[in-house]
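# Architecture and fold: a report
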Amino acid sequence: HIGERLVGMSSENAPDLALFRNQVVNTLREWYVLASDSIASLLEGRSLQNPAKDLWLLGKHYELGEQVDEQAWEGAGYSAEVLGDFSRLIWCTYRSQYPPIAPSAFTTDAGWGCMLRAGQTLLAQALQLHHFGRDWSFSWDGALDKDVRRRELYTDIVKQFFDDYSSSSTFSIHRMASLGKQFEGKDIGEWFGPYGTAAIIRELARQAAHELSVYTTTDGVVYLADICEHDFKPTLILVASMLGIDRVNPVYYPFIQASLTLPQSAGVAGGRPSSALYFAGFQGDELLYLDPHFTRPAVARRPEDRYSQSDLASYSCNVPRRIALNRLDPCMVFGYYCGTLESLIDLRSRIELLADDGMRTIMSFDNGHAPTATLSAPGTPRSQGGGGSLLKKLPPSCSDSEESAGPRSGSGEVVLEGECSEEEWVTEL
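Here the residue index of a chain counts from 1 through its sequence in written order. Whole-chain, interface and lining totals are the exception, using all residues; otherwise, since this is a predicted model, local features are given only for residues with pLDDT of at least 70 and side-chain atom pairs are given and counted only at 80 or more. The basis for the side-chain values is all heavy atoms of the structure; hydrogens and waters are excluded.

### A few points about the overall build of the chain
For the purposes of this entry, the term helix denotes a DSSP run of H or I that reaches at least four residues, the term strand denotes a run of E that reaches at least two, and both are numbered from the N terminus. Secondary structure assignment for the chain yields 12 helices and 13 strands. Throughout this description, buried means an accessible area under 20% of the type-specific maximum (1.4 Å probe, protein chains only), exposed means over 50%, and partly exposed covers the range between. Taking all 429 residues of the chain together, 54% fall into the buried category. Any two residues whose heavy atoms approach within 4.5 Å are treated as being in contact. Pairs at least 24 apart in sequence give 70% of the contacts found in the chain among residues at least 6 apart. When the accessible surface of the chain is totalled, it reaches about 18,300 Å², and 52% of it is carbon and sulfur. Only the protein chains shown count as covering a residue, and every accessible area follows the Shrake-Rupley method with a 1.4 Å probe.

Next up, the structure:
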C-alpha cells in the first residue's frame, strides 16, 4: 500500500506527500517508543521487581502499599483513586484532519509538534488548578449545580486547545506554530524546543488578555516585582532549564522529584532526547508521564459548542507510564501555578527551604524587577516576562545550549518598590 500511494503522488501533490511522510515517521516513532520502553524495562529489571510503594502526582501523595506489583509498569496495579486522579489530567496529543495551519498546508502536527503538545498539557493542568483546585471530580451525567458548572468549565478548558483558529482556541497548535518563527526561528512543521514553547505560551496569554498570567524565566531567577507590578493576578511560572549536556546531571534528580511534590506544581514539560513528554509525578526513581506521540483526529466542532464525554474522551488517559530519571533529556520546563499572593510566597519559602537543606535547585527569587535589558519587546508588561527570557535570542533547541551553571542568588530581604504596597510585602515576607 505504501508503494501504491507513493506512485500516485507527484510534485503537484506536495502537501499530500508531506502529510504521508509525517504519518509514516509518526507511526515508526510510536512503534520505536513503545518497543524501547519495553526493552528498557526488561534490561533495568523493572518488570521483575516491585516498584516503590510511594507515589506523588502533582503535589498529592499516595501510599500504595501492597497493591502495586510488576504489572504496574504497564498501567495496572494502581488503585482506582490513583487511576481516577491520573485520568483527570488533560492529555494533549498529536492531532490530524484539522484545518491547515496557515500559510502552510499542514493538517497534522504528527512528527514535529510533540513539545508544543507537552506545553499544552502543562498549561491545561495549570488551568484545572486555577478553576478546580487540586482535588475535584464531577459526573458528566450529573444534574447537580456543581456537576453542571464543573462540566462547563472543563469543556471550556479543553476547547482552548482545539485545533483551529476559533476565538475560543486560545492555545491551539495553529496559534502556537504560527508564533514559532518569532520566538524560536522555527517554520511550521519544524520541531520546537522547550524554551521557545514557554515563550509562545506566555505571548498567547498576553495577546488574549487571559485570566491566567504567564511568567517565564530561562536563567532561573523569578523577579517578584515583575509578577506584582500591578494587582496580583493568578500566575503560571514557567522555568526553562538545562540540567546537563546529554542527560540530566544526577545532582538534579532530587529537585525534579521534590518539584512534583509541591502544591503549586503544574508538572514538567521535558522528555527523552528529541522526544517530548509531560511529567506529572514520580514513583521511586521513575517519572509518571503523558506521551503526546499518539495521533488522533481533531475534535469536530459541535452545534452550540456542546460536547459529550465521548467527544472529549481522547483528552484523557487512564494508563500511567513511567520512565527512569537517567533516560531524560536535560532540557525541561517546570511549571508552577500560584493562584494567590500567599501561594507565591509559599512557593518561594519551599524552594528556599530545599536549597537550605543542601539540594541543588534550578530557581531562585529576587524581590526586584528584572534588568531592563531582558524585557521582551517595547510595550510588553514586565509581568508577562522576566528572568532573562525575553529580548535575548532563545536557542533553537535546548540541546544546543551550554550546561546551566545554576540559578543566581536572590537579593535578600529587600522590600519591594513600585506599585505593590510596602506594608503588604513587609507583612508577607
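### Some thoughts on the environment of Ile 351
Counting through the fold element by element, Ile 351 comes out in helix H11 (residues 341-356). C-alpha separation for the pair Ile 351 and Thr 361, spaced 10 residues apart in sequence, amounts to 7.5 Å. Leave out the neighbours within four places in its chain, and Ile 351 touches Phe 255, Leu 262, Thr 361, Met 363 and Phe 365.

### Observations regarding the environment of Ser 137
Mapped onto the elements of the fold, Ser 137 is located in the loop between helix H4 (114-132) and helix H5 (145-159). Sequence-wise, Ser 137 and Arg 88 are 49 residues apart; in three dimensions their C-alpha atoms are separated by 8.1 Å. What Ser 137 contacts, discounting residues up to four positions off in sequence, is Arg 88 and Arg 150.

### Some remarks on the side chain of Ser 265
As for its placement among the helices and strands, Ser 265 is situated in strand S7 (residues 265-272). Residue Ser 265 is classed as buried on the basis of its relative accessible area, which comes to 1%. In protein, a polar contact means a hydrogen-donor-capable atom and an acceptor-capable atom, both N or O and within 3.5 Å, with residues adjacent in sequence counting only if both atoms are side-chain atoms; elsewhere, any N or O pair within 3.5 Å suffices. From its side chain, Ser 265 meets the backbone nitrogen of Gly 267 in a polar contact 3.2 Å long. The contact partners of Ser 265, leaving out residues within four places of it in the chain, are Leu 58, Leu 129, Ser 259, Leu 260, Gly 335 and Tyr 336.

### A closer look at the packing of aromatic side chains
Each Phe, Tyr or Trp ring (for Trp, its six-membered ring) is paired with any other whose centre lies within 6.5 Å, and the angle between the two planes then decides the class: stacked below 30 degrees, edge-to-face above 60, tilted in between. Scanning the model with the defined rule gives 13 aromatic pairs in all. Where Trp 112 meets Phe 192, the ring centres are 6.5 Å apart and the plane angle is 40 degrees; that geometry is what we call tilted. Note that Trp 112 is positioned in the loop between strand S3 (95-96) and H4 and Phe 192 in the loop between helix H7 (180-184) and helix H8 (194-207), a separation of 80 residues in sequence. Judged by its relative accessible area of 2%, Trp 112 falls in the buried class. Owing to a relative accessible area of 0%, Phe 192 belongs among the buried residues under this scheme. Aromatic pair Phe 138 and Tyr 154: ring centres 5.8 Å apart, planes at 55 degrees, arrangement tilted. In this pair, Phe 138 sits in the loop between H4 and H5 while Tyr 154 sits in helix H5, placing the two residues 16 residues apart along the sequence. Overall, Phe 138 belongs to the buried group, its relative accessible area being 17%. Overall, the relative accessible area of 7% leaves Tyr 154 in the buried class. One aromatic cluster is present, built from ring pairs that chain together Phe 132, Trp 136, Phe 138, Trp 140 and Tyr 154. Sitting over a ring, as applied to charges here, requires NZ of Lys or CZ of Arg to be within 6 Å of the ring centre and within 35 degrees of the ring normal. Positioned over the ring face of Trp 136 is Arg 88, at 6.0 Å from the centre of the ring. Its end group placed over the ring of Tyr 315, Arg 95 keeps NZ or CZ at 4.3 Å from the ring centre.

### Observations concerning the pattern of salt bridges
We define a salt bridge as a contact between a side-chain nitrogen of Lys or Arg and a carboxyl oxygen of Asp or Glu at a distance within 4 Å. Scanning all chains against the criterion turns up 16 salt bridges. A salt bridge links Lys 181 to Asp 187, with the shortest nitrogen-to-oxygen separation between them at 3.0 Å. Residue Lys 181 is classed as exposed on the basis of its relative accessible area, which comes to 52%. A single network of salt bridges, built from pairs that share partners, joins Asp 156, Lys 159, Asp 164, Arg 301 and Asp 305.

### As for unusual backbone geometry
Trans peptide bonds make up most of the peptide bonds, and negative phi angles are found at most residues other than glycine. In this model, Ala 102 is joined to Pro 103 through a cis peptide bond whose omega is 5 degrees. Within the secondary structure layout, Pro 103 lies in the loop between S3 and H4. A positive phi angle, near 45 degrees, is found at Leu 58, a position not held by glycine. Among the residues examined, Leu 58 registers a relative accessible area of 4% and is labelled buried. For Ala 209, which is not glycine, the phi torsion reads 50 degrees and is therefore positive. Its place among the elements puts Ala 209 in the loop between H8 and strand S4 (213-217).

### Notes on the pairing of S7
In terms of burial, S7 is largely enclosed, as eight of its eight residues are buried. Paired strands, in this sense, are two strands between which DSSP finds at least two bridges. The sheet contact formed by S7 and strand S12 (residues 331-338) spans four bridges and is antiparallel. Across the sheet, the residue bridging to Gly 267 is Gly 335, located in S12. Here S7 pairs with strand S8 (residues 275-283) via five bridges, running antiparallel. Pairing of Ala 269 across the sheet is with Tyr 278, part of S8. Between S7 and S8, which follow one another and run antiparallel, lie two residues, and Ser 274 among them has a positive phi close to 60 degrees.

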